[in-house]
Amino acid sequence: TLTPTPPAPTATLATPSPPTAALTAAPTTAAPTAEPTAAPTAAPVEVFMQATLADVDIAQLDESTFNATFRTGFIAAAAAAANVASSAVEILSIEAGSVVVTSKITFPSGEKDAATALETAIGAGTVALGLPASYGEVTVVKVSAPPPPAPAFPPPPVNTTQGSAAADLAASPLAALVAVILALLVQA
């Protein structure tokens, strides 16, 4: 007889379970911007003034050396009175009436108080431009911004009734039809 033999014991090795990856949560805040945005800045402040120079004749400005010296000196004097750089002063016009100089002084943004102080001094008649005594009495007044200059030449008017009735008829579809019919009649 055969006797069954029990199966041989087998060893079972425990295999470790693979490690589980931990999930990373998504960020909850937006990424920062590359550059911070700048705060808005105040616009420059402009003060317009007119200075009348009693003893200057407008004809003197026809002489180029006097004109250049006058303009440079006026700009420097107005800049000194306003406590700004000469580049901030612009002569807008020079007209007869003794000589009347209209100018614009541009104060950098954030210097509204300095512009107001100049306007107050002009209103009180205490602005001293320090121009040569030969220019005579100098009167300075505040003026509003001048209007923009008018265009040099206005555009030509538009004429919507150009041409004659005959020219209008010749350009019409009816005229084209009449021309075709006449051409056919002539051929027949």
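As shown above, the structure is provided for reference.
Throughout this description, residue numbers start from 1 for each chain and increase along the sequence as written. With the structure being a predicted model, the display of local features is reserved for residues of pLDDT at least 70 and the display and counting of side-chain atom pairs for 80 or more, all residues being used for whole-chain, interface and lining totals. With hydrogens and water stripped out, all remaining heavy atoms of the structure feed into the side-chain values.

Asker: Would you mind showing me how to read the overall build of the chain here?
Answerer: Across its full length, the chain carries 4 helices and 4 strands. Going from the N terminus to the C terminus, the chain shows its helices and strands as β-α-β-β-α-β-α-α. The buried label applies to any residue whose accessible area, calculated with a 1.4 Å probe on protein chains only, is under 20% of its type's maximum; exposed applies above 50%, and partly exposed to all values in between. Per-residue burial for the chain yields a buried fraction of 21% across its 188 residues. Accessible area for the chain stands at about 14,100 Å²; split by element, carbon and sulfur atoms hold 64% of it. For the purposes of this entry, the term helix denotes a DSSP run of H or I that reaches at least four residues, the term strand denotes a run of E that reaches at least two, and both are numbered from the N terminus. Shrake-Rupley sampling with a 1.4 Å probe provides the accessible areas, and residues are treated as covered by the protein chains on show and by no other component.

Asker: It is not clear to me how the environment of Ala115 should be interpreted in this structure. Could you clarify?
Answerer: Here Ala115 shows up in helix 2 (residues 112-124). Taking the C-alpha atoms as reference points, Ala115 and Asn83, separated by 32 residues in sequence, lie 9.8 Å from one another. Any two residues whose heavy atoms approach within 4.5 Å are treated as being in contact. Filtering out sequence-adjacent residues up to four positions away, Ala115 remains in contact with Val45, Val47 and Phe107.

Asker: Honestly, the nonpolar core in this entry has me stumped. Any pointers?
Answerer: Soluble globular proteins: nonpolar side chains tend toward being buried together. Buried residues of nine kinds, namely Ala, Val, Leu, Ile, Met, Phe, Trp, Tyr and Cys, make up a nonpolar core once their side-chain atoms join them within 4.5 Å. Counting 30 residues, the largest nonpolar core has Phe74, Ile105, Phe107 and Leu129 as its most contacted members. Contributing elements (two or more residues each) for this core: strand 1 (45-53), helix 1 (64-82), strand 2 (89-96), strand 3 (99-107) and helix 2. Element by element, the count of residues in this core is highest for helix 1, at 6 residues. For Phe74, the residues in contact, after removing those within four places along its chain, are Met49, Ala51, Ile91, Val101, Ser103, Leu129 and Leu131.

Asker: What is the right way to look at the environment of Ala79 in this model?
Answerer: Along the chain, the position of Ala79 falls in helix 1. In this structure the C-alpha to C-alpha distance between Ala79 and Thr106, which are 27 residues apart in sequence, comes to 9.8 Å. Apart from the residues lying within four places of it in its own chain, the contact partners of Ala79 are Val84, Ala85, Ser86 and Val89.

Asker: Just to check I follow, could you spell out the sheet that holds strand 1 for this structure?
Answerer: Whether parallel or antiparallel, the strands of a sheet pair through hydrogen bonds between backbone atoms. A pair of strands is treated as paired once DSSP finds two or more bridges between them. Read across the sheet, 4 strands follow the order 2-3-1-4 without closing on themselves; strand pairing throughout is antiparallel. Two strands bound the open sheet, and with one partner strand each, they are strand 2 and strand 4 (138-143). Averaged over all pairs of adjacent strands, the angle between their axes in this sheet comes to 25 degrees, without regard to strand direction. Relative to strand 3, strand 2 runs antiparallel, the two sharing 7 bridges. Opposite Ser93, over in strand 3, you have Thr102 as the bridge partner. In this analysis an axis means a line fitted to C-alpha atoms, helices contributing only their contacting stretch, and an angle means the value between N-to-C directions, from 0 to 180 degrees. Contacts from helix 1 reach strand 1, strand 2 and strand 3 within the one sheet, and its direction differs from that of strand 2 by about 125 degrees.

Asker: How should I be thinking about the packing of aromatic side chains in this particular structure?
Answerer: The geometry of an aromatic ring pair comes down to the distance between the two centres and the angle between the two planes. Two rings from Phe, Tyr or Trp (for Trp, the six-membered ring) form a pair when their centres are within 6.5 Å of each other. A pair whose planes differ by under 30 degrees is stacked, one over 60 is edge-to-face, and the rest are tilted. Within the structure shown, the criterion is met by 4 aromatic pairs. Aromatic side chains Phe66 and Tyr135 sit 6.3 Å apart centroid to centroid with 75 degrees between the ring planes, which places their arrangement in the edge-to-face category. In this pair, Phe66 is assigned in helix 1 and Tyr135 in the loop between helix 2 and strand 4, connecting sequence segments 69 residues apart. On the basis of relative accessible area, Tyr135 is assigned to the buried category, the value being 8%. Plain terms: the ring middles of Phe70 and Tyr135 are 5.4 Å apart, the flat faces sit at 55 degrees to each other, and that makes the pair tilted. Taken together, the residues span a long stretch of sequence, with Phe70 in helix 1 and Tyr135 in the loop between helix 2 and strand 4 at a distance of 65 residues. Assessed through its relative accessible area of 1%, Phe70 is described here as buried. Aromatic ring contacts, followed pair by pair, group Phe66, Phe70, Phe74 and Tyr135 into a single cluster.

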